[in-house]
Structure formats: C-alpha cells, structure tokens
Amino acid sequence: LAVTALLLVVVAVLQSITLQWYALTPGSATPLSRSMTISGAAQDKPNNSISMVDVWVQQLTAWEWLTMHLRSHVEFLPASWMVDPGVPASELDNQGYIDMDISKQQAAVAALRQIGWTVPRHPRGVQAYSVVVPSPAHRAHLGVGDVVTSVDGARVTSTCQLISSVAKAPVGSTLTFHVEKAHYSHAGAVTWPHSANVTVRTIARPAHSAPSGCSDVTKADRSWIGLSVQNVYLYAMPVTISVKTDQVGGPSSGLAMTLTALDRLTKGSLTGGLKIAATGTMDENGNVGEIGGLAEKAPAVAASGATVFYVPASQVKEARANAPASLRVVGVKTLAQVLADLRAHGGDRPVPLTAPR
C-alpha cells in the first residue's frame, strides 16, 4: 500500500508540471460534404467521398511526456517551434482559427475559379497574427485576428505599409489604428462584430526582434509595437460556400475543402466512387502548400477506409513512410494535378451545374 501511495504521489506531481513541449498525435479523417453549406448555385447532394484530416495538438505535462514515448505516431515539438519569441502559447488556438478561416475563404475562391467563376479580390487591411507580451500592441489590447484598416486616418492595404508607418515614426509616437475587432465563438468561428479606434505608443525596436522583411524599412527606423501581421482580402463571392469545422484550426484542410466544393458544384462524381482524403494548404490560385503533422495524419487516413491520400508533393515521402501499402499516396503541387489524377481513375471532369458568371 505504501508503494502504491508513493507512486500515486509521483504521478500527481508529474501531472502538475507543465513542460514547454507539445505532442502531435493522430486525429481523424472526417468527410466534409455534409458540413458544407452552399447558396447561390445549383449543387449535388452531400456524400462521404472526400475527407479532411486533422491531428491532436496538446501541451505536455511531465507525466504525459513520459507516457507518450511509449506510443507510436507521436511527434514532439518544443514550444519555440510553435510560437515566436515573446509570443505566449495562449495565442495558438486563435491563430489556428484564423488559419482555418482564411483556408475556408481561399478554398471557396479556388473551387469557383477552377470551374470558371469570376471572383474579384480587394485589399481588406492587415491582420494581427501574433502579439508579443509585453509590448505596446498588447497594452493597447490588440489581439490575434484583429484587422487594421488605417493608421492615423491613412488607409492600410499591405503589411509593409503598416510596418513602415510604425517603423518610421519617432520612438514614443502615439499612432491611432482603426481596427476591426475579432471575436471567437466557443466553436472557434471568427467574426468581426465591431470596429474601434485604438491608440498605440511606439517604443524602440528590441535588439532581438525579427527583421521586417520590408525593403523600405531600414536599420535607422527604430519604432516598434510588437505585432506580426499578414495581408487579408475581401472577395466578391458570386456563390456562398461555408464549412462548419467546430474547434478545428489550422490551414491544412484547404485542399480537401476545395475538392468537396467542386464535387458539390459539378455534375457526376469528382472521385469516381473512390473514398479519398486530402491534406494541404490551398491558395486562391489552386496551389497546394505544405502542412504539419503529416506523419500522424497518414495512420488516421488508413483507419478511415480511404484508399487514396493526396498530400503536398514535397512531403510525399513522409506520408508514404507512415502509411500502409494499401493506401495510395499521391503528391501534388496544384489542384489541377489532383483533378487529373482523379479523372485517370474514373472521376468525372468538373462541369458546373450552374453556368459561371
């Protein structure tokens, strides 16, 4: 009894110690069609032929660190790989939801453009992706997902425009940002229900801060607020395509969402009756990009019963190394390559049910 009690104490202590390490473990392969809502164009009935794949990400306690080394298909990542220096891990969830929101938008645009729809794009502003703590941006209550549309009354349309506006201001300047404030539901859906003017007082750029990446920002430009940003856009969508992805973040479902939208908007069967899974980012022009956790996704796809798994071309070796021989793994760089492979294996050419405009 004494030994058992001691072991329980040791386990309790180890469970109370949170490490600066994360674990990626296999999630699931989930059909998307029934989670997708489309309006503004004719559509086919939902089916279960195309799945997205996710992984579980969790920060580890000392006990979990020990026990997870006994499991297969676990990838351990230090916290420094998950967030930039000075950025708290608490921002990771919202970053994932922002990535998913943009991924849904890009997937819808790529699908519509693939079958001939015109989807104009306009700059929306510059979106906060991470906030250093402490920093002027944090003190001004700027958060992940907030969209800056102007600085001191001047419209902002690009990241370098915002970075330059901050960097070239004298240290100690007070700048006024007009901001669309992000709101996150319990399910991770992002909305921007209101806007506000936010004042930010600049400080001298820390010696350890990352380079701006902007050609017009020089070493002499010293003001800094501790905000990393990305460009965001507004699209004039002729068809509304939305996907319910409760509490799932990240950009890696872009390819799967694009294929699902195409399957719903076109005649026949895009997959030719095959059950497939796909992972990879998708941009508005149909290019497939790299993703994380691929070694953990392959087992989830195999367990789902899918027979084909489309992955970014640069990561195909990693996927095949972790997939059974029964799963055909195909590396692709573009949406067009996926569609060509599907046609070669019985899938229909995507012909839109509604004439594009």
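Residues numbered from 1 in each chain as written. Predicted model: local features only at pLDDT ≥ 70, side-chain atom pairs only at ≥ 80, totals over all residues. Heavy atoms only, no water.

(A) Up close: the layout of surface pockets. Reported here for the largest pocket is a volume of approximately 1,200 Å³. V57, M82, G96, G249 and G250 are, among the 34 residues lining the largest pocket, the residues nearest its centre. Going through the elements one at a time, strand 1 (18–31), strand 3 (50–61), strand 4 (75–78), helix 3 (79–82) and helix 4 (92–114) are the ones with two or more residues in the lining of the largest pocket. With seven residues, strand 3 is the largest single contributor of residues to the lining of the largest pocket. Each residue belonging to the lining of the largest pocket can be placed in one class, and the counts come to 15 nonpolar, twelve polar and seven charged. When its volume is computed, the second largest pocket comes out at roughly 530 Å³. Considering the residues around the second largest pocket, the lining is formed by 21 residues, among which R205, A210, W224, L227 and S228 are closest to the centre. Where the lining of the second largest pocket is concerned, the elements lending two or more residues are helix 6 (159–167), strand 11 (223–224) and strand 12 (227–235). (1 Å grid on protein atoms, 1.4 Å probe; cavity = no way out; pocket = protein on both sides within 12 Å on 5 of 7 lines; lining within 4 Å. Points joined across faces, edges and corners; volume = space filled by probe spheres on them. Helix = DSSP H or I, 4+ residues; strand = E, 2+ residues; numbered from the N terminus. Nonpolar A, V, L, I, M, F, W, Y, C, P; charged D, E, K, R; others polar.)

(B) A look at the sheet that holds strand 18 (residues 328–332). Across the sheet, six strands lie side by side as 4-1-3-14-17-18; this open sheet has mixed pairing. The open sheet has two edge strands, strand 4 and strand 18, and neither has a second partner. Sheet twist, expressed as the mean angle between neighbouring strand axes with direction ignored, is 30°. Here strand 17 (residues 308–312) pairs with strand 18 via five bridges, running parallel. Its bridge partner being in strand 18, Y310 is matched across the sheet by V330. Here helix 10 (residues 335–344) sits on the sheet and contacts strand 14 (276–278), strand 17 and strand 18; the angle it forms with strand 18, its principal contact strand, is near 145°. (Pairing = 2+ DSSP bridges. Axes fitted to C-alpha atoms, helices over the stretch in contact; angles between N-to-C directions. Contact = heavy atoms within 4.5 Å.)

(C) Representation of the nonpolar core. In this structure, I241, L255, L259 and Y310 are the most contacted members of the largest nonpolar core, which totals 41 residues. Sequence-distant contacts of L259, that is, excluding residues within four places in its chain, are made with I50, L270, I276, A278, L335, V338 and L339. In this structure, V131, V148, V200 and I225 belong to the second largest nonpolar core, which totals 19 residues. (Core = buried A, V, L, I, M, F, W, Y, C linked by side-chain atoms within 4.5 Å. Buried < 20%, exposed > 50% of the residue type's maximum accessible area, 1.4 Å probe, protein only.)

(D) Looking closely at the state of the cysteines. In the structure shown here, the tally under the stated rule is one disulfide. Here C160 is linked by a disulfide to C214, with a sulfur-sulfur distance of 2.1 Å. Taking the sign of the torsion about the S-S bond as the criterion, the disulfide between C160 and C214, at about -90°, is left-handed. Placement of C160 in helix 6 and of C214 in the loop between strand 10 (203–204) and strand 11 is noted, with a sequence separation of 54 residues between them. The partly exposed category is assigned to C160, whose relative accessible area is 27%. (Disulfide = S-S within 2.5 Å.)

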